[in-house]
Amino acid sequence: MRKKSFLATTALEEFWDTSMHMVFLGPWCKKYSRKHVWEKTDHETLVSPLSDQKNMCEAYNLTSAVYKHILKETACALNSIHGEDHGNRYWEIIIGPWIFHYIDVMYDRYISIKTFLDTDIPFSAATVCETSIITPLTTDEFVALSLKDEFNHQIYSRIIDILYPNDFTKKPCKGSASPGHKSLAKTGFKDRVKEVLNFFLSIDVKGGRQKLATKSAYFPYLAMKKIIASAKHNMLELKDIPLDGIEADRDAAVRKQLVIKANSSGEFTDLLRQLIPLDIPMSYIENYKAFKNAAERLPKSGAVFSSNSWYFDELFKIWAADRMEQGAILIGAQHGGNYGSDLFMRHEDFELGIVDKFYSWGWDREEYSDKIIPFYANTLTGNKEYGSDNSQKGVLLISAATPRYLYRINVINNHHVEDYIAWQMRFAASLSKARTKELKIRLFPADFGCDHKMRLNDSFPEVALEDKTIPFLASVICARIVVCDHLSTPLTDVLSANKPTIIFWDPKVQLIRSEAQPFYDALHSAGILYYSPEDAAKAVETIYDDVEKWWNEPGRKKAVALFCNQFARTSKDSVKAWAEEFKKIISEIK
């Protein structure tokens, strides 16, 4: 029989017992900046089954099914406690983003704990005491908390207590906001809501119902102004209004009434039944009525257009859900580069599920062909093409950052952090000294505790690192070659700007849906996309001296043009085209 071990679930060292053999639940427990501490311990690190992409695909399908019935039963429970009778779509618009994030987060943590328990290793652990338990205020706060060690220790503690009843040591969590959380929320919640929502402008609406209202439409500023002007007062861009009467006292008695009757049984769904009433944000329980009262002051629009206010703008969601029930059409638009490409994508599925129309950047999807309108990329409207220029210098590597903790089941997630950074190191190591001196790595604005900058400085002190203080476009324009090591919005931005680009990633990790694969195959055949960092570095070396000749080769230009038409469609007349499209929408509103 194995010697008793200590289970460490997070990077919070005050919850470790280094006098025992340590079992780290995953690599997120071992921060690079604390290497000097954990390297000295007697430890092992578990590997989550979700680090395998096949298992992640299966997890996506499973959690998608769980989402559907948990959403339905939660909607029924909310109707009951609020004395209302709204349909499933109404509640999906409001609580859907929290539920799918919550299910994804809980499933990832559940699988990790379950995998450890299945080893039958005798263990002890330190869990969080009740006085440190946090209830999120909003979906936005839940997602933010789910990236932090303190909140994850709370999640793991609850799962362990349910799956493995014990008498483990319970400790207060220094980073938690309880018991002061309630008073902090009460005195500062209105300001917090204003900051998070960045919402509506109070508008005197003459004659009542307006034709079309937009929020977070994701058009460049001048393009948006031109589009609104062309609509001749039939289109409103919504911003902030004051919020009064918003409080945030947790009501345990009301929460006990929130009974989730899942349509299927099983250990994971049983876990959700127990924890949802405890964890559902206050915006949907204690503060729902106040948000709804505030929403009643907003324009009675016949159509609602947004790119991403469907997730964290609580007031917007309640308003949009109400407008939908009153007959308004909901219109979505793409707001990132992975849409239409990733094998599975949670937020793409969610948005297509709740809206009546959806504007993509060029791609279509068979099961939603009645909703999707392939059109010009809203974020790229009016953007310029810059082309290749041998007089420019330097190689710009645009870097990504993935949180240490999974917050949404997508193709790229926390289980690939270490491999991603290793590939980036391999790319830099494969460049010649001359190219290395000209290499600049643009860091993602958030680090999520991955210590990315520290790792790069330790391994490549000669490489310049760039942050968000330098405007993205200015940095791209000045580079001779741009390198993207991941699929995301910057890649579509750069290719649509016609900048010479080299791409590399691991095809076993970056899974592409079958209908999109031919466009990526074309980039690969054209010598733009590579499947190893060494091959990408070799390409940079080969083309650097005459990037103009390389980039303007007809076959390569064709591959880029086909890709952009499908995933980053632009036009010199895109502002006019969007203006006409909005006029068409307005003309159809009764």
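Just so we're clear, the structure is a prediction, and the values are computed from it rather than from any experiment.

**Student:** Give a detailed account of the packing of aromatic side chains, specifying residues and quantitative values.
**Tutor:** If you walk through the whole model with that rule in mind, you get 44 aromatic pairs. An angle of 35° between the planes, with centres 4.8 Å apart, marks the rings of Tyr-60 and Phe-344 as tilted. Pair noted here: Tyr-60 is in helix α2 (residues 53–82) and Phe-344 is in the loop between β10 (329–333) and α13 (346–354), with a separation of 284 residues, a long-range link. Across the pair, exposure class does not vary: Tyr-60 and Phe-344 are buried alike. Summarising the aromatic geometry, the rings of Tyr-311 and Phe-312 are spaced 6.1 Å apart at their centres and angled 50° between planes, so their arrangement reads as tilted. By relative accessible area, which is 24% here, Phe-312 ends up partly exposed. Taken together, the ring pairs connect Phe-219, Phe-305, Tyr-359, Phe-375, Tyr-376, Trp-578 and Phe-582 into an aromatic cluster. If you follow Arg-346 out to its NZ or CZ, it ends over the ring of Tyr-60, 4.1 Å from the centre. Above the face of the Tyr-544 ring, Arg-480 is positioned so that its terminal group lies 4.2 Å from the ring centre.

**Student:** A description of the sheet that holds strand β8 (residues 235–237) should follow, citing residues and the corresponding values.
**Tutor:** The six strands are arranged β8-β7-β9-β10-β11-β12 in an open sheet whose pairing can be described as parallel. Of all the strands in the sheet, just β8 and β12 (372–374) have a single pairing partner and so form its edges. The mean inter-strand angle of the sheet, taken between neighbouring strand axes irrespective of direction, is 20°. With four bridges connecting them, strand β9 (residues 303–306) and β10 associate as parallel partners. Within the sheet, the bridge partner assigned to Val-304 lies in β10 and is Leu-330.

**Student:** Can you tell me about the sheet that holds strand β1 (residues 5–8), naming the residues and giving the values?
**Tutor:** Strand pairing in a sheet is mediated by backbone hydrogen bonds. Such pairs are either parallel or antiparallel. Ordered in space as β3-β2-β1-β4, the four strands form an open sheet in which the pairing is parallel. Only two strands of the sheet have a single neighbouring strand rather than two, namely β3 (43–45) and β4 (123–124). Note: β1 against β4, two bridges, orientation parallel. Considered in β4, the bridge of Phe-6 is made with Ser-124.

The rules behind these values
- Residues numbered from 1 in each chain as written.
- Predicted model: local features only at pLDDT ≥ 70, side-chain atom pairs only at ≥ 80, totals over all residues.
- Heavy atoms only, no water.
- Phe/Tyr/Trp six-rings, centres within 6.5 Å; stacked < 30°, edge-to-face > 60°.
- Helix = DSSP H or I, 4+ residues; strand = E, 2+ residues; numbered from the N terminus.
- Buried < 20%, exposed > 50% of the residue type's maximum accessible area, 1.4 Å probe, protein only.
- Lys NZ or Arg CZ within 6 Å of the ring centre and 35° of its normal.
- Pairing = 2+ DSSP bridges.
- Axes fitted to C-alpha atoms, helices over the stretch in contact; angles between N-to-C directions.

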